[in-house]
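Close look at the chain arrangement
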Amino acid sequence: MPQELRAVDWTGSGLALIDQTLLPHRHETVAVHDVDTLVDAIQRLVVRGAPAIGAAGAYGVALAIIEGEREGWTEAEVRAAVARVREARPTAVNLMAGVDRVMTRFGEGLDAVLEEAAAVQREDVAANRAMGVFGADWLVQRVGVERPLRILTHCNTGALATAGWGTALGVIRELHARGLVEVVYADETRPLLQGSRLTAWELVQEGIPHYVQADGAAAGTILRGEVDAAVVGADRIAANGDTANKVGTVGVALACADAGIPFLVAAPTTTVDLATKTGDEIHIELRGEAEVLEWAGVRTAPAESRGHNPAFDVTPGRLVTGLVTERGVLEVSAGELPGDRLNMGRSVSSSELR
Ligand code: MRU
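Quick summary incoming for the structure in this document. Bear in mind that the values here come from a model prediction, so they are computed numbers and not experimental data. (Residues numbered from 1 in each chain as written. Predicted model: local features only at pLDDT ≥ 70, side-chain atom pairs only at ≥ 80, totals over all residues. Heavy atoms only, no water.)

**What about the site of the ligand?**
Selection criterion: Proximity is defined per residue: any heavy atom of the residue falling within 4 Å of a molecule or strand makes that residue near it. Distance and chemistry together define a polar contact, namely a pair of N or O atoms within 3.5 Å, with one atom able to donate a hydrogen and the other to accept it when in protein, and with adjacent residues in sequence counting only for side-chain atoms on both sides. For the accessible areas, the method is Shrake-Rupley and the probe is 1.4 Å, while residue cover comes only from the protein chains on display. Think of a 1 Å grid over the protein atoms and nothing else: a 1.4 Å probe that fits but is trapped marks a cavity, an open set flanked by protein within 12 Å on at least five of seven lines marks a pocket, and residues with an atom within 4 Å of a point count as lining. To decide whether a molecule occupies a pocket or cavity, check its atoms: if more than half lie within 2 Å of the grid points, it is inside. Numbering of helices and strands starts at the N terminus; helices are DSSP runs of H or I of at least 4 residues and strands are runs of E of at least 2.
Around the ligand, 17 residues are found, and the nearest of them are Arg48, Arg89, Asp235, Asn245 and Lys246. Measuring from an oxygen atom of the ligand, one finds a backbone N or O atom of asparagine 156 at 3.1 Å. Measuring from an oxygen atom of the ligand, one finds a side-chain N or O atom of glutamine 194 at 2.9 Å. Here the ligand loses 99% of its free accessible area of 400 Å² to cover by the protein chains. More than half of the atoms belonging to the ligand lie within 2 Å of the grid points that define the largest cavity. Of all the secondary-structure elements, those providing two or more residues to the shell around the ligand are helix H2 (50–71) and strand S9 (243–246).

Written out as structure tokens, the structure is:
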């Protein structure tokens, strides 16, 4: 297996981020030593994916402290810089959660902050590994066929989108390790192509057979019976199971419901936001019009056209067959809601949850 990717790495004095805007053709790392550069990297999707920006945000607190010492900032100025990191993107709760968790150690100084940020990163990798096993077990049992599976996924949820291993792609990697993947349909994921640029690249690294398909092909592929299950990630999950994920996800979920195949959401509990009661309360990031009006920097739509560019959509919990976290699987559409099952403050096994 190739060496595990680290999208977010603390170098001792700053962050090294794999520049995900350049993949798959160029593999370069950006050195980040100040808060402005980090905010810009998060907003331009140099670093992206809910758990990865959670880890970057956690280390962002350390960056703000170091920059503050270098520039002679007051504590209020350091806190204001931290707030800018926290607000760099609005939808993925992991960013806010990562910053807030590390800020509980702010008063203890830089070493404590770094220790907490490293814990955020370490725990995410462990959560991904656990949900990979739970998710693979559940899919095998739920699909109930004795052959490798045909899995559809949307956007990028692999090592690049997390602290390591991956959420939905982590489930697929676990299935592949068991010899249980026939093929992956990777939706290209318009407008920024995280599926064709990043997921396909990670699948190549892992030697997992796959097709890249246009987002518009997904429903037809599912309804023709060419897919056994869809597995996607999440950016924020409300207490009732409504799930914000990359734009285009809800169409996949609707097709799965119509075809009667499982729609599995894979996300760590850090992506579940119990303070958000339903998907209506989730702030959906609206990105710049150029991302949909242009192709590779060249205008494709008429000059008079306006662009509508929501980065995410919300899949109603009633369409979520399973939600796998590091604690096990909740069958959300059957009434196992995160707000009832994930607020117990302890880990529960998947058999307890089913
Ligand atoms: O805009 P992005 O690329 O940061 O979008 C986030 C995502 O990668 C997806 O929505 C993903 O499915 C959830 S993060 C593992």
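That was the structure; now back to the text.
**Quick notes on the sheet that holds strand S8 (residues 236–238)**
Quick reminder of the rule: Strand pairing is assigned whenever DSSP detects at least two bridges linking the two strands. Contacts are residue-level and defined by heavy atoms, with any inter-residue pair within 4.5 Å sufficient. Interaxial angles span 0 to 180 degrees and are taken between N-to-C directions of axes, which are lines fitted to C-alpha atoms, for helices over the stretch in contact.
A sheet is described by the order of its strands in space; here four strands give the open sequence S11-S8-S9-S14, paired in mixed fashion. Edge positions in the sheet fall to strand S11 (272–273) and strand S14 (312–315), since each has one partner strand and no second. Two strands pair when backbone bridges link them, and S8 and S11 are joined in this way by two bridges, in the parallel orientation. The residue of S11 that forms the bridge with alanine 238 is aspartate 273. Against the sheet, helix H9 (residues 249–259) engages S9 and S14, with an angle of about 30° to S14.

**Remarks on the side chain of glutamate 67**
Filter applied, for reference: Type-normalised accessible area, obtained with a 1.4 Å probe on protein chains alone, sets the label of each residue: buried when under 20%, exposed when over 50%, and partly exposed for intermediate values. The positive count covers Lys and Arg only, the negative count covers Asp and Glu only, and His and the chain ends enter neither. For this document, the term salt bridge refers to a Lys or Arg side-chain nitrogen within 4 Å of an Asp or Glu carboxyl oxygen.
Assignment of secondary structure puts glutamate 67 in helix H2. Buried within the structure, glutamate 67 lacks any salt-bridge partner; its nearest side chain of opposite charge belongs to arginine 70, at an N-O separation of 4.5 Å. The residues contacting glutamate 67, other than those within four sequence positions of it, are Asp34, Val35 and Trp73.

**Notes on the pattern of salt bridges**
Here the structure, examined in full by the defined rule, presents 26 salt bridges. The closest approach of N and O atoms between arginine 147 and aspartate 228, which form a salt bridge, is 2.8 Å. Residue arginine 147 is found in the loop between helix H5 (110–143) and strand S4 (149–153), and its partner aspartate 228 is found in the loop between helix H8 (218–223) and strand S7 (229–232); the two are separated by 81 residues along the sequence. By relative accessible area, which is 7% here, aspartate 228 ends up buried.

**Focus on the packing of aromatic side chains**
The test is simple: Side-chain rings of Phe, Tyr and Trp, where Trp is taken by its six-membered ring, are said to pair if the distance between their centres is within 6.5 Å; with planes under 30 degrees apart they count as stacked, over 60 as edge-to-face, and otherwise as tilted. Lysine NZ or arginine CZ positioned within 6 Å of the ring centre and within 35 degrees of the ring normal marks a charge as sitting over the ring.
Inspection of the entire model under this criterion finds two aromatic pairs. Consider the rings of tryptophan 10 and tyrosine 59, whose centres lie 5.3 Å apart with planes at 10°: the pair is stacked. Here tryptophan 10, found in strand S1 (residues 8–10), pairs with tyrosine 59, found in helix H2; they are 49 residues apart in sequence, far enough to count as distant. Arginine 129 extends its terminal NZ or CZ atom over the ring of tryptophan 165, reaching a point 3.7 Å from the ring centre. When the ring centre of phenylalanine 312 is taken as reference, the NZ or CZ atom of lysine 246 above it lies at 4.4 Å.

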